[in-house]
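One-letter residues, chain by chain:
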Amino acid sequence: MSSYLFCKIIDIFHRFLMRKIFAVLLPLIIDHNSHPTKCFSPLRQSIPNMTFKERTHERIVPAQLSMPSNELPKGSVILLIGDSLGVGMRSRFLDLTSACGYKSVAHVISGSSTFQWITWIDKDISRHSPSLVIISLGTNDALHFNRAKKIDVYKKFVEHLSNVKYVWILPHKIESERVPNVDKTRELIKTSVVKYFDSTKLKLTLSPDKIHTTTSGYKLWIENVWSRLVQQGIVCDSAQNKR
């Protein structure tokens, strides 16, 4: 027997055998209603005509869409409160909130302290019903430092925000001797509140008084705070015009 004839016989036998195998298995594959547990998962049974790629997509996408989002919806009120540093941030803050479709309220008073804001914050929350409060306080607190009293002040202040999201912008690095206790005050705020932004990591150009920063410094400052909130999924990314 020639090698060609032998290979031909093997090929014919192979084809015959494969037809027999498919003749037995094909009804089981097609009739999944009669044998649902043999060949199909529940998902494939419900969508048997979909491709594998489509079935894989079907498994993943609904879970992602059903995940709750913490991002504030358009129209939410964001309140900025604070001292003169907050005054410097105000203009860029209004730009960022407006780009996302949020309603913004900036109640910032030069020279104000956290102790004073304990008596003011409830009125702002009641009047504006903010979904997020951005706090720029602490620098003026450092002018009169008393550890025990300050801890009590910060804890009482945060109690007023128990039902509102907030972030406390910590005092930045100050070089003026007029505010000698700013580092101690910053650490007290860290231990007294839960959500804060550490401003000491920013390189802000100081104004001649060595306390305040420049116009570009305030812009950089509030933009970094906003970026952190974007990373946490709380606000929209206004720079990307997502709204």
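Quantities reported herein were computed from a predicted structural model and do not represent experimental measurements.

Enquirer: Honestly, the side chain of Thr 185 in this entry has me stumped. Any pointers?
Expert: Inspection of the secondary structure assignment puts Thr 185 in helix H8 (residues 182-192). What makes Thr 185 buried here is its relative accessible area of 1%.

Enquirer: Just to check I follow, could you spell out the pattern of salt bridges for this structure?
Expert: For side chains bearing opposite charge, pairing can occur when the charged atoms are close. Scanning the entire structure with this criterion turns up 8 salt bridges. Salt-bridge contacts for Asp 152 lead to Lys 156; the nearest nitrogen and oxygen are separated by 3.3 Å. Of this pair, Asp 152 and Lys 156 both sit in helix H7 (residues 147-159), separated by 4 residues, roughly a single helical turn. Note that Glu 187 and Lys 190 form a salt bridge whose closest N and O atoms lie 3.7 Å from each other.

Enquirer: Teacher, can you tell me more about the environment of Gly 111 here?
Expert: Structurally, the position occupied by Gly 111 is in the loop between strand S2 (103-108) and helix H6 (114-128). It is 9.3 Å that separates the C-alpha atoms of Gly 111 and Leu 85, two residues lying 26 residues apart in sequence.

Enquirer: Is there a simple way to think about the confidence of the model for the chain in this case?
Expert: Detailed reading of the predicted coordinates is not advisable wherever pLDDT is low. When pLDDT is averaged along the chain, the result is 80; 70% of the residues meet or exceed 70. A low-confidence stretch, residues 28-68 stays under pLDDT 50, and its non-local contacts, those more than four residues away or across chains, total 20 contacts.

Enquirer: How do you make sense of the packing of H7 against H8 when you look at a structure like this?
Expert: Between H7 and H8, the shortest axis-to-axis distance is 9 Å and the interhelical angle comes to 45°. Looking at the two axes, H7 sits oblique to H8. H7 and H8 meet at a crossing whose hand is right-handed. In contact with Arg 147, Lys 150, Ile 151, Tyr 154, Lys 155 and Val 158 of H7, H8 contributes Thr 185, Leu 188, Ile 189 and Ser 192. Looking at the contact of H7 with H8 residue by residue, the class counts come to 5 nonpolar, 2 polar and 3 charged.

Enquirer: Even after reading the chapter, I still don't get the nonpolar core, so can you show me in this structure?
Expert: General note: in soluble globular proteins, nonpolar side chains tend to be found buried as a group. Counting residues in hydrophobic clusters, the biggest one holds 26 residues, and the most contacted among them are Ile 78, Ile 134, Trp 221 and Val 235. Breaking this core down by element, the ones donating at least two residues are strand S1 (77-82), helix H5 (84-99), strand S3 (132-136), strand S4 (165-169) and helix H9 (215-231). Among residues more than four places away in sequence, those in contact with Val 235 are Glu 71, Leu 72, Ile 78, Tyr 102, Leu 132, Trp 226, Leu 229 and Val 230. Residues Val 133, Val 153, Val 158 and Leu 161 belong to the second largest nonpolar core, which totals 23 residues.

Conventions we followed
Residues numbered from 1 in each chain as written. Predicted model: local features only at pLDDT ≥ 70, side-chain atom pairs only at ≥ 80, totals over all residues. Heavy atoms only, no water. Helix = DSSP H or I, 4+ residues; strand = E, 2+ residues; numbered from the N terminus. Buried < 20%, exposed > 50% of the residue type's maximum accessible area, 1.4 Å probe, protein only. Salt bridge = Lys/Arg side-chain N within 4 Å of Asp/Glu carboxyl O. pLDDT = per-residue confidence, 0-100. Contact = heavy atoms within 4.5 Å. Axes fitted to C-alpha atoms, helices over the stretch in contact; angles between N-to-C directions. Parallel < 35°, antiparallel > 145°, perpendicular 65-115°, else oblique. Left-handed = near helix turned anticlockwise from the far one by under 90°. Nonpolar A, V, L, I, M, F, W, Y, C, P; charged D, E, K, R; others polar. Core = buried A, V, L, I, M, F, W, Y, C linked by side-chain atoms within 4.5 Å.

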